[in-house]
Amino acid sequence: MARFIFFRIIQAIATLIVLSAAVFFGTDLTGDAALAMAPGDARPEEIQQIRENLGLDRPAIIRYVDYLGGILVGDFGRSYNKRLPTSQLVLERVPNTIQLAVAALLIAVTIGIPLGILSAVKRDSFLDKLGKSFAILGMSMPQFWLAIILMWIFAVELNLLPVFGKEGLDPRYFVIPAFSIAVFTMAGFMRLTRSAMLEVLDSEYVKFARIKGLAEQLVIFKHALKNAVIPVLTFGGISFAGLLNGSIVVEVIFNWPGLGLLMLEGIRTRDVPIIEATILVSGFLYIIMSTLVDIAYAYVDPRIRYG
Amino acid sequence: MANQDLATPAPQAGQVTRVVQKARELRLPWIPIVVLVVLMVAAIFAPLLAPHDPGQLNKRDREVPPFETSKFLLGTDKSGKDILSRLIYGARTSVFISLVALGTGAVIGSAIGVMSGYFGGRTDVVLMRLVDAVLGFPTVLLALIIVAIAGGAGISNVIVAVAATVWARFARQARGEVLSIKERDFVTLAIVAGVSAPVIMWRHIFPNVINTVLIVISLLVGQTILLEASLSFLGVGVPPGDPAWGIMVSEGRDQIFEIWWLALFPGIAITVVVMAMNFFGDWLRDTLDPRLRRTR
């Protein structure tokens, strides 16, 4: 187990280093930040001056090594446009994104899994068909559109919830954004729980439990669900990717002060330190999460540990 | 003569019934097929079908609500541009970007997959690690990284970004196929006959992978359309002002208080098309190659 965890962590670090190099050299190759920052009528000497101020006159490889060294002590450079340390700008955004993702995951799990169980138990019933259509719809609908429609209905027309923004942990601000992110993941949880449950319900030991005369509830929750949970758990790990995707888009819609919003501002204004830092931190969050899930999963299922 | 007259139509009728029967056996997904045909027709014949120029401003007909006049069936936006026309041209943008991006991803991905599977060894291990990393990574984030590296918004950058997220699926699938194909006799014989590796891959292996590649393409069209729309929506895709579904929804978001219909229709269009594509892809996979069932 220790070996497994060790290699998984080494792999995660390697991935992050590759990611940082790709973004660093990539942005360096395709655009001159000094040119983008300079006013339109700047003379070449002035552009050269900006370049020197930003330290861009040194070779890329040296700047990259410097940059990596800075990250180790929490220094991501200074934002070109906001004239503030990037680490400060990014770190104040991280909790907001995590809160949103956690809220979305909670909604997805608490609605998706019970719906999946219900669908499997009442197979081919009207409810099952309704659930299946909902799952297909949830996977085909663009999240950004769903978010806007919910905003229009509940915030604009019915005036029940705030339109956008965030006030601390006030739950009213969370409802629409978190739900819009959750729908895709929820549909996935539902489909998976349904198929895993169907498979288990068809097994010999469930038939035996029924023959034994156990109460139906006991059969479903104790015997079937316990065994159906492993594939659902794996999906929980994969779903972080979907949640992160969703939060980037939804943050922009609701002006949610998270990482995604900052990243887009960075891309639009070509604020390279911001682009670098937001991408690295998002990648870091994602890789940490999937590594943790992998480890938890290996713990639950010994076949993976030794496979 | 009379006999012949009687005899000739008979096999024709038989053929028709056979075709009908075959169609029934295949259980063609009619609704998705109709949706796709409508989409393709709209994309190809946009200039003929659109009632107005998608960029034309109509000062007297601003913010017309939908279903009010037959002149602007789905209404107009705040500068009087006809929404139906923009939707039709938007189909063109979506189809064009998705197909080019998917095509690029399919060619590069299956080439990498075929080589990876054929040569095996260390190259294979490294390439498949990369494939794993790309497959697991959040698609929107990955596409944003590519756009950021490529230097910002623009159609060609979106195509590169989308292709960069989809190639891995082709590589994974093609590699898996190649592993079993390369053990078959015709490949062994080609090697014994001294055929060079590139020729074996191109002439003997690749044709056997095409089926799988087609299935993966059909399974990914929906996702690709969604991704393109998301990027355009975020303002890093198709240039603003162009008729694209993602951009229309984004404009609709800014005007949600005044003209709700602007965001509504393009979203419905995306949902219907993606859903149809998903159904169609599932059907194609089940019909052509049921073994792939588990791989999704």
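Thresholds, definitions, all that
- Residues numbered from 1 in each chain as written.
- Chains lettered and ligands numbered in written order.
- Predicted model: local features only at pLDDT ≥ 70, side-chain atom pairs only at ≥ 80, totals over all residues.
- Helix = DSSP H or I, 4+ residues; strand = E, 2+ residues; numbered from the N terminus.
- Buried ≥ 20, exposed ≤ 12 C-beta atoms within 10 Å, placed from the backbone.
- Contact = placed C-beta atoms within 7 Å.
- Axes fitted to C-alpha atoms, helices over the stretch in contact; angles between N-to-C directions.
- Parallel < 35°, antiparallel > 145°, perpendicular 65-115°, else oblique.
- Left-handed = near helix turned anticlockwise from the far one by under 90°.
- Nonpolar A, V, L, I, M, F, W, Y, C, P; charged D, E, K, R; others polar.
- Expected span 1.5 Å × (residues − 1).
- Core = buried A, V, L, I, M, F, W, Y, C linked by C-beta atoms within 7 Å.
- pLDDT = per-residue confidence, 0-100.

Chemist: Would you mind going over the overall build of chain B with me for this structure?
Modeler: Secondary structure assignment for chain B yields twelve helices and zero strands. Of the regular secondary structure in chain B, the N- to C-terminal order runs α-α-α-α-α-α-α-α-α-α-α-α. With the C-alpha coordinates aligned to their principal axes, the bounding extent of chain B is approximately 75 × 75 × 30 Å. Of all 296 residues assigned to chain B, the portion counted as buried reaches 46%.

Chemist: Any chance you could explain the overall build of chain A here in plain terms?
Modeler: Within chain A, the secondary structure is distributed over 14 helices and zero strands. Secondary structure elements of chain A, listed N to C terminal, follow the sequence α-α-α-α-α-α-α-α-α-α-α-α-α-α. Expressed along its principal axes, the backbone C-alpha trace of chain A runs to roughly 85 × 55 × 30 Å. Relative to its full complement of 307 residues, chain A shows a buried share of 38%. Once local pairs closer than 6 in sequence are excluded, the contacts in chain A between residues at least 24 apart make up 70%.

Chemist: How do you make sense of the packing of helix α7 (residues 139-150) of chain B against helix α8 (residues 155-181) of chain B when you look at a structure like this?
Modeler: What describes two packed helices is the angle between their axes and the distance between those same axes. All names here are of chain B. At their nearest, the axes of α7 and α8 sit 9 Å apart, and the two run at 135° to each other. In terms of orientation, α7 and α8 fall into the oblique class. For the pair α7 and α8, the crossing hand works out as right-handed. Two secondary-structure elements touch here, α7 through T139, L142, A143, I146, V147 and A150 and α8 through N157, V160, A161, V162, A164 and T165. Here the residues of the contact of α7 with α8 sort into nine nonpolar, three polar and no charged.

Chemist: Honestly, helix α10 (residues 204-211) of chain A in this entry has me stumped. Any pointers?
Modeler: Given 3.6 residues per helical turn, the α-helix brings residues three or four places apart onto the same face. Counting buried residues in α10(A) gives zero out of eight residues, a small share hidden from the surface. Looking one or two places after α10(A), you find G213(A), whose phi comes out positive at around 90°.

Chemist: Mind showing me how you'd approach helix α7 (residues 126-140) of chain A here?
Modeler: Compared with the 21 Å implied by 1.5 Å per residue over 15 residues, the 21 Å span of α7(A) between its first and last C-alpha is a close match. Along α7(A), the positions that sit buried rather than exposed are G131(A), A135(A), G138(A), M139(A) and S140(A). If you follow the buried residues of α7(A), they end up packed against α6 (94-121) and α9 (171-201) of chain A together with α10 (197-233) and α12 (261-288) of chain B.

Chemist: When you look at the interface of chain B and chain A in this model, what are you seeing that I'm missing?
Modeler: Many structure descriptions define interface size as the accessible area lost when the parts assemble. Taken together, the contact pairs 36 residues of chain B with 34 residues of chain A. For the side of chain B that touches chain A, the secondary structure elements donating two or more residues are α6 (121-136), α7, α10, α11 (245-254) and α12 of chain B. With nine residues, α7(B) is the single largest residue contributor to the side of chain B that touches chain A. Looking at the side of chain B that touches chain A residue by residue, the classes come out as 24 nonpolar, eleven polar and one charged.

Chemist: Can you help me understand unusual backbone geometry in this one?
Modeler: When glycine is set aside, most residues are seen to have a negative phi, and most peptide bonds are trans. Residue D124(A) is not a glycine yet carries a positive backbone phi of 65°. Exposure remark for D124(A): the 9 C-beta atoms within 10 Å place this residue in the exposed category.

Chemist: Is there a simple way to think about the nonpolar core in this case?
Modeler: In summary, soluble globular proteins display a tendency toward joint burial of nonpolar side chains. In terms of nonpolar packing, the biggest core is built from 160 residues, with A104(A), I148(A), A143(B), L144(B) and V147(B) touching the most fellow members. At 17 residues, α9(A) tops the list of elements feeding residues into this core. The contact partners of I148(A), leaving out residues within four places of it in the chain, are I253(A), V249(B), G252(B), R253(B), I256(B) and A263(B).

Chemist: It is not clear to me how the packing of helix α3 (residues 30-44) of chain B against α12(B) should be interpreted in this structure. Could you clarify?
Modeler: All names here are of chain B. Two numbers describe how α3 lies on α12: the axes approach to 9 Å, and their chain directions differ by 125°. Considering their axes alone, α3 and α12 lie oblique with respect to each other. Every pair of crossing elements has a handedness; the one defined by α3 and α12 is left-handed. On the side of α3, the interface is formed by P32, I33, V35, L36 and L39, while α12 contributes V272, V273, A276, F279 and F280. By residue class, the composition of the contact of α3 with α12 is ten nonpolar, no polar and no charged.

Chemist: I'm lost on the environment of I176(A) in this one. Help?
Modeler: Residues and elements named next belong to chain A. Tracing the sequence through the fold places I176 in helix α9. For I176 and R63, which are 113 residues apart along the polypeptide, the C-alpha to C-alpha distance reads 43 Å. Excluding residues that lie within four positions of it along the chain, I176 makes contacts with A147, L150, M151, F154, A155 and L161.

Chemist: Looking at this structure, I do not really get the confidence of the model for chain B. What am I missing?
Modeler: Any segment with low pLDDT has predicted coordinates that should not be analysed in fine detail. All names here are of chain B. Here chain B averages 83 in pLDDT, and 93% of its residues register 70 or above. Between residues 1-9, whose pLDDT stays under 50, and residues either more than four places distant or in other chains, the model counts zero contacts. This prediction of the complex comes with two scores: 0.83 for pTM and 0.80 for ipTM.

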